[in-house]
Amino acid sequence: MEPGMEELMPRLLPVGDCDLAEDFDPTVPPRTPQEDLKRVQIEAARCPDVVVAQIDPRKLKKKPTVNISISGCQPAPEGYSPTIKWQQQQVANFSAVRQSLNKHRNHWRSQHLDSNVTMPKSEDEEGWKKFCLGERVYSEIEALPDNENLGIDYMKVGFPPLLSIVSRMNQATVTSVLEYLISWFGEKKFTPELGRWLYALLACLEKPLLPEAHSLIRQLARRCSEVRALEESKNEEQISALNLIICLVSRYFDQRDLADEPS
């Protein structure tokens, strides 16, 4: 250490002149406070001035959990941009749904699920996709055999987001399922089954948003705007559903840069 550094870095454990036994051995337990301080000073002197950490580069290649983009949404097709009044009404309706859900959550959570309802584990991505969307949508099957006499087969058509189901989902599960469905939607078309679950999951999402949830809903709104812009048949019902999700993300969850502005 340079002489001038002593003034900037005073010793925290100064050891003055003291009578240490001639047989003092720093490797054995100290017998006096002076021996203890002396041994600490000796060990500190042996430490290198610079320590280089050994880092495994492979551990730095993990996919980040949060990837927040600042890019906006694509504008609605001409003639399909929602009015401010319509957006305000949707936000008010959505807020009422959330308040009702929170108020009655414990009641619905206590209700018994039907024997055919088995909720997947939180980490079961494929299981949740099939649970929410059904085999027909998930596997992209055009039609399934008519089983009217046997009742509805929810494994094939997907379970609806019943209050007795979503009330049992904690925030970690809500976020995970939202991520699974948004990932699926990233490469697939929009369907009514998907829309119902996205609305329900957004209704269960607590504010203030965690960074991961913030990134997910922004990704969702941008994907909705992409699908909406490519809608060739101009299906009003589908465009309205996409408008609704964009509206809720931008105006209820305060992502105003993604909002539709009337032309």
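Structure's up top.
Criteria and cut-off values
Residues numbered from 1 in each chain as written. Predicted model: local features only at pLDDT ≥ 70, side-chain atom pairs only at ≥ 80, totals over all residues. Heavy atoms only, no water. Helix = DSSP H or I, 4+ residues; strand = E, 2+ residues; numbered from the N terminus. Buried < 20%, exposed > 50% of the residue type's maximum accessible area, 1.4 Å probe, protein only. Contact = heavy atoms within 4.5 Å. Areas by Shrake-Rupley, 256 points an atom, 1.4 Å probe, with all protein chains shown as cover. Core = buried A, V, L, I, M, F, W, Y, C linked by side-chain atoms within 4.5 Å. Axes fitted to C-alpha atoms, helices over the stretch in contact; angles between N-to-C directions. Left-handed = near helix turned anticlockwise from the far one by under 90°. Parallel < 35°, antiparallel > 145°, perpendicular 65-115°, else oblique. Expected span 1.5 Å × (residues − 1). Bend = angle between axes of the 7 residues up to and from the residue. Disulfide = S-S within 2.5 Å.

A.B. asks: How would you sum up the overall build of the chain? Please name residues and give values.
C.D. replies: For the chain, the helix and strand inventory stands at ten helices and zero strands. Going residue by residue from the N terminus, the α and β elements of the chain occur as α-α-α-α-α-α-α-α-α-α. Residue burial in the chain is summarised as follows: out of 263 residues, 33% are buried. Sequence-distant contacts in the chain: of pairs separated by 6 or more residues, those separated by 24 or more amount to 72%. Just so you have it, the chain exposes about 17400 Å², and 52% of that area is on carbon and sulfur atoms.

A.B. asks: Hey, could you go over the nonpolar core for me, with residue numbers and the actual values?
C.D. replies: Leu 181, Trp 197 and Leu 198 are the most contacted members of the largest nonpolar core, which totals 49 residues. Mapped by element, the contributors of at least two residues to this core are helix 3 (84-109), helix 4 (125-138), helix 6 (163-166), helix 7 (171-185), helix 8 (192-204), helix 9 (211-229) and helix 10 (236-252). In this structure Leu 198 touches Leu 178, Leu 181, Ile 182, Phe 190, Leu 220 and Ile 245, once residues within four positions along its chain are discounted.

A.B. asks: Describe the packing of helix 7 against helix 8, listing the residues and the values that go with them.
C.D. replies: Running from N to C, helix 7 and helix 8 cross one another at 150 degrees; their axes reach a closest spacing of 10 Å. Along this stretch, helix 7 crosses helix 8, giving a crossing that reads as left-handed. Contacts between helix 7 and helix 8 pair Gln 171, Val 174, Val 177, Leu 178, Leu 181, Ile 182, Trp 184 and Phe 185 from the former with Leu 194, Trp 197, Leu 198, Leu 201 and Cys 204 from the latter.

A.B. asks: Could you give an account of the packing of helix 3 against helix 10, with specific residues and numbers?
C.D. replies: Describing two packed helices takes the angle between their axes plus the distance from one axis to the other. Across the interface, helix 3 lies against helix 10 with an axial gap of 9 Å and an inter-helix angle of 75 degrees. Relative to helix 10, helix 3 is oriented roughly perpendicular. Judged by residue contacts, Ile 84, Trp 86, Gln 87, Gln 90, Val 91, Phe 94, Ser 95 and Arg 98 of helix 3 engage Ser 240, Asn 243, Leu 244, Cys 247, Leu 248, Arg 251 and Tyr 252 from helix 10.

A.B. asks: Could you give an account of the environment of Ser 225, naming the residues involved and the relevant values?
C.D. replies: Residue placement: Ser 225 occurs in helix 9. When the C-alpha atoms of Ser 225 and Gly 72 are compared, they prove to be 9.2 Å apart, with 153 residues separating the residues in sequence. When near neighbours in sequence (up to four residues on either side) are disregarded, Ser 225 contacts Cys 73, Gln 74 and Ile 246.

A.B. asks: Summarise helix 4; cite the residues concerned and give the values.
C.D. replies: Because each turn of an α-helix spans 3.6 residues, side chains separated by three or four positions end up pointing in the same direction. Across its 14 residues, helix 4 extends only 12 Å between first and last C-alpha, which sits more than 12% below the 20 Å expected from 1.5 Å per residue. Of all the bends in helix 4, the greatest, near 80 degrees, is centred on Cys 132. Regarding helix 4, the residues found buried are Gly 127, Trp 128, Lys 129, Phe 131, Cys 132, Leu 133, Gly 134 and Val 137. Of the surrounding elements, those touching the buried residues of helix 4 are helix 5 (154-157), helix 6, helix 7 and helix 8.

A.B. asks: Any chance you could break down the side chain of Thr 173 for me, citing the residues and the numbers?
C.D. replies: By secondary structure assignment, the location of Thr 173 is in helix 7. Discounting chain neighbours no more than four positions away, the residues touching Thr 173 are Ser 122 and Trp 128.

A.B. asks: Which residues make up the state of the cysteines, and what values go with them?
C.D. replies: Tallied over the entire structure, the rule returns zero disulfides. Cys 224 takes part in no disulfide bond, and the closest cysteine sulfur, belonging to Cys 73, lies 8.1 Å away. Owing to a relative accessible area of 0%, Cys 224 belongs among the buried residues under this scheme.

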